[in-house]
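Structural overview for review
Here is how the chains run, residue by residue.
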Amino acid sequence: MHAPGIWGIIVVAIVVILLFGRGKIAGLMGEVASGIKSFQKGMRDEDKPAPQLDTTASVDASRTTEKAKDA
């Protein structure tokens, strides 16, 4: 099996343009570009350390309210 030649690629490109039109293809490429930008921004955000949550305060508060209910 061999790779498609230049004529095969041209025929497929013409069929795609005829089916979808230039406007839809341009819009689709814009959406792909914005998705890539969002992905890159998310990757940059992952490099930053996440803020640490203080879970002991919420545990202590729940214990205090349980003791108040029992009394």
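Here's a quick rundown of the structure.

What counts, and at which threshold
- Along each chain, numbering runs from 1 in the same order as the chain's sequence is written.
- Totals for whole chains, interfaces and linings use all residues, but because this is a predicted model, local features are given only for residues with pLDDT of at least 70 and pairs of side-chain atoms are given and counted only at 80 or more.
- Side-chain metrics in this entry use all non-hydrogen atoms of the structure; hydrogen atoms and water are not considered.
- Going along the chain from the N terminus, every DSSP run of H or I of four or more residues is numbered as a helix, and every run of E of two or more is numbered as a strand.
- Remark: exposure states derive from per-residue accessible area (1.4 Å probe, protein chains only) relative to the maximum for the residue type, with buried under 20%, exposed over 50%, and partly exposed in between.
- Method for areas: the Shrake-Rupley scheme with a 1.4 Å probe, in which residue coverage is limited to the protein chains shown.
- Exposure above 30% relative accessible area and the absence of a salt bridge qualify a residue for a patch, where like charges join within 9 Å and nonpolar side chains (Val, Leu, Ile, Met, Phe, Trp, Tyr) within 5 Å.
- The salt bridge definition used is simple: a Lys or Arg side-chain nitrogen within 4 Å of an Asp or Glu carboxyl oxygen.

Section: the overall build of the protein
A count of helical and extended segments in the protein gives 2 helices and 0 strands. Taking all 71 residues of the protein together, the buried fraction comes to 0%. Of the roughly 6900 Å² of accessible surface on the protein, 67% is carried by carbon and sulfur atoms.

Let's talk about a nonpolar patch on the surface
Judged by side-chain polarity, V11, V12, V15, V16, L19 and F20 come together as a nonpolar surface patch covering roughly 550 Å² of accessible area. Mapped onto the elements of the fold, L19 is located in helix 1 (residues 6-47).

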